[in-house]
Amino acid sequence: DITLHDDANVLEETVVIGYGTVKKADLAGSVAVMEGKSFKDQPVARVEDALNGRMSGVQVMSSGVPGGSMKIRVRGASSVNKSNDPLYVVDGIVRETGLEGISPEDIQSIQVLKDASSTAIYGARGSNGVIIVTTKSGSEGKTQVNFNASFGLKKVTKLIKTLDPYNFAYALFENGATNYGDYDDLDIWKSVQGTDYQDEVFGRTGNQKQYNVSVSGGTKDIKYNVGFSHNDEKSIMLGSGYAKNNVNAKINANLNKWLTLDFNARMAYTKLDGLNGGADTNESNAANSTVANTVKFWPVYPLTDADEDEENSTSVERNPVERITDTYKYQERFQQNYNVGLNWKPFKGLTFRSEFGYGWKYNNTDQVWGSNATTNSKYGFNGQPQSQFIRLQNKNWRNANTVTYDNTKLFNNHHLNVLLGQEWSSSQDISRTSTSVAYPTSMTIQEVLANTAAGTPLNNESDIKAEENILSFFGRVNYTIADKYLATFTMRADGSSKFGKDHRWGLFPSLALAWRVSDEAFMKSTSSWLSNLKARLSFGTAGNNRINSGLLSTTYSM
């Protein structure tokens, strides 16, 4: 027997809207909400996987790179030639680099701010939408330990159909090629077994393993939640895979009856092996990448090469398997973020909050192109191995201070919520690249890694980008009458160091009005089948400051 019950508490749920919360029923802007419990029984490896197909107006696209970032678009693209990525806010920490380093098991809820009236509170960074993630906190009671594990297999389901040896040779003959024989010789290719390089490169069975453990609990005054997750994958692409470890710790403490403290720390360590996708396997010409060649590379070698020993072949062409097995690429990524917040409530309805966050991360890449894989590189020197070592580093900090006044019984049935805030943040990127070419042709990948001095070094590059500084002032007023008539007004002023001194400041106002029609007396007859009907009108402005700060950077070549 199946029985359905009304969920009258849905509209009373609290929704995070940026620097604060509001009841779901009181939303005037466009905000999508997803609870972490909605995917807790699914073995999703990434938070983005959980978002896919669950929210209207939110599109998730895979980059095809195991362990790589995924593209999220909120209501489509808004910029022609700059970033279309949304802004991410994790437990109040603003980040522009996606949700890497966050385990799906740690998610309490996800809110997506979609329209300009709701994203205007984030000003110069809100035009592509805002994704707000809240992680789990501890709860009062006995210590709880949760553990889960999953194992999955991956296999490509469909490959692009390509020509067999006979039809491939016939097509070339019709275009005037003679290296596959004359017309009378073409039947020979009917008995030749060709190579499907798609199957060679993407045909293996991959696997994915996940382990998650969390410990939570606490008392009335101190609550904690600590989680660890491990995810590793052997990918379907030959020679590729990754392993990732995440640690998340969160503490909430009542210092006294009017002062509370919250602290959270997050660390993530990721290792990636192999070329992964293929877009980065030929920096000078994507059409000549390894992945592209799995489709278009000839299934059989021409007659002119058939009698030659492979090692004596004069052909500069190398098939995708040769190229991918003679390329070494290893990446290490580590990031850590810390945030501490202090809340002071001197009397009922008034809250002062000050928070400070710090983040540091690095991304190191070691890559070697062997003699069979130099066409993967943009540096030329066909047949002579090359190496490149890239070191990327970022440091950032943020401080935000807000005051909130909340009165739920103004004029009996009026609700007023006022937020005023100030925020500043700073971030800087530093990169160093070392490249060497023209190693002896006979050197293997391991020999190159063990003796990098044997190559010819190119100029080392050090790029110290200018600091990206943002100073902001913002405010928001939420006004509700009888829980039926809703109005939200926001204003933010952002000053960004990315722009010239005469163009650094921007103002971003918004206004949203809503009317809960379903609560009117003339709608009582629909209460048996209509739970909530709201008419909404909104206007807002938001910006996109994702321009290249490298315009003000300093690059050194040695």
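All values derive from a computational prediction rather than experimental measurement.

A. Quick look at helix α3 (residues 165-174). For α3, every residue scored as buried is listed here: Pro165, Tyr166, Phe168 and Ala169. Each buried residue of α3 sits inside an arc of 165° when the element is viewed along its axis, so together they form one side. The first or second residue beyond α3 is glycine 176, which carries a positive phi of 95°.

B. Looking closely at the sheet that holds strand β7 (residues 93-95). Taken together, the five strands give an open sheet; going across it, the order is β3-β8-β9-β6-β7, and neighbouring strands pair in mixed fashion. Because the sheet does not close on itself, it has two edges, and the strands there are β3 (31-35) and β7. Pairs of neighbouring strands in the sheet enclose a mean axial angle of 20°, with direction left out of account. Across five bridges, β3 lies against strand β8 (residues 107-113) in antiparallel orientation. Across the sheet, alanine 32 pairs through a bridge with valine 112, a residue of β8.

C. Layout of unusual backbone geometry. At tyrosine 19, a residue that is not glycine, the phi angle is positive and equals roughly 60°. Considering the arrangement of structural elements, one finds tyrosine 19 in the loop between β1 (14-16) and β2 (21-23). Residues other than glycine seldom take positive phi values, yet aspartate 483 does so here, at roughly 60°. Assignment of secondary structure puts aspartate 483 in the loop between β21 (468-481) and β22 (485-496).

D. View of empty space enclosed by the protein. Following the criterion strictly, the structure yields two cavities of 30 Å³ or more and no others. Taken as a whole, the largest cavity spans an internal volume of roughly 160 Å³. Surrounding the largest cavity, 15 residues form its lining, Ile17, Gly29, Ser118, Arg476 and Thr488 being those nearest its centre. Listed by contribution, the elements that provide at least two residues to the lining of the largest cavity are α2 (116-119), β21 and β22. Of the residues belonging to the lining of the largest cavity, the class tally is seven nonpolar, six polar and two charged. Space inside the second largest cavity adds up to approximately 70 Å³.

E. Looking closely at the packing of aromatic side chains. Tallied over the entire structure, the rule returns 17 aromatic pairs. Through a chain of ring-to-ring contacts, the aromatic side chains of Tyr166, Tyr170, Phe173 and Tyr183 assemble into a single cluster. The cationic tip of lysine 190 hangs over the ring face of tyrosine 166; the distance from NZ or CZ to the ring centre is 4.8 Å.

F. Quick look at the pattern of salt bridges. On inspection of all chains with the given rule, the structure shows 17 salt bridges. The partner of aspartate 494 in a salt bridge is arginine 492, with the nearest N and O atoms 2.9 Å apart. Look at aspartate 494 and you get buried, because its relative accessible area is 3%. We classify arginine 492 as buried; its relative accessible area is 0%.

G. Representation of the environment of glycine 383 in the model. With respect to the element layout, glycine 383 can be found in the loop between β16 (350-369) and β17 (386-410). Sequence separation between glycine 383 and aspartate 1 is 382 residues; the distance between their C-alpha atoms is 71 Å. When near neighbours in sequence (up to four residues on either side) are disregarded, glycine 383 contacts Ser371, Thr374 and Thr441.

H. Seen up close, the confidence of the model for the protein. The predicted model of the protein has a mean per-residue pLDDT of 86, with 90% of residues at 70 or higher. Low confidence marks residues 306-315, where pLDDT is under 50. Its contacts with residues over four positions away, or in another chain, come to five contacts. Overall, residues 552-558 carries pLDDT values under 50, and its contacts beyond four positions in sequence, including any with other chains, amount to 21 contacts.

I. Layout of the environment of tyrosine 328. Structurally, tyrosine 328 is set in strand β15 (residues 327-347). For the pair tyrosine 328 and isoleucine 445, spaced 117 residues apart in sequence, the C-alpha separation works out to 7.1 Å. Not counting residues within four places of it along the chain, the set of residues in contact with tyrosine 328 comprises Asp366, Gln367, Val368, Ile445 and Leu449.

J. Summary view of the nonpolar core. In this structure, Leu51, Met55, Ile110, Val112 and Ile131 are the most contacted members of the largest nonpolar core, which totals 22 residues. Every element with two or more residues in this core is listed here: β3, α1 (47-51), β4 (58-61), β5 (71-74), β6 (87-90), β8 and β9 (130-135). The contact partners of isoleucine 110, leaving out residues within four places of it in the chain, are Ala32, Val33, Met34, Val47, Leu51, Met55, Ile131, Ile132 and Val133. If you look at the next biggest cluster of nonpolar residues, it comprises 16 residues, including Val15, Ile17, Val94 and Leu113.

The rules behind these values
Residues numbered from 1 in each chain as written. Predicted model: local features only at pLDDT ≥ 70, side-chain atom pairs only at ≥ 80, totals over all residues. Heavy atoms only, no water. Buried < 20%, exposed > 50% of the residue type's maximum accessible area, 1.4 Å probe, protein only. Helix = DSSP H or I, 4+ residues; strand = E, 2+ residues; numbered from the N terminus. Arc of directions from axis to C-beta. Pairing = 2+ DSSP bridges. Axes fitted to C-alpha atoms, helices over the stretch in contact; angles between N-to-C directions. 1 Å grid on protein atoms, 1.4 Å probe; cavity = no way out; pocket = protein on both sides within 12 Å on 5 of 7 lines; lining within 4 Å. Points joined across faces, edges and corners; volume = space filled by probe spheres on them. Nonpolar A, V, L, I, M, F, W, Y, C, P; charged D, E, K, R; others polar. Phe/Tyr/Trp six-rings, centres within 6.5 Å; stacked < 30°, edge-to-face > 60°. Lys NZ or Arg CZ within 6 Å of the ring centre and 35° of its normal. Salt bridge = Lys/Arg side-chain N within 4 Å of Asp/Glu carboxyl O. Contact = heavy atoms within 4.5 Å. pLDDT = per-residue confidence, 0-100. Core = buried A, V, L, I, M, F, W, Y, C linked by side-chain atoms within 4.5 Å.

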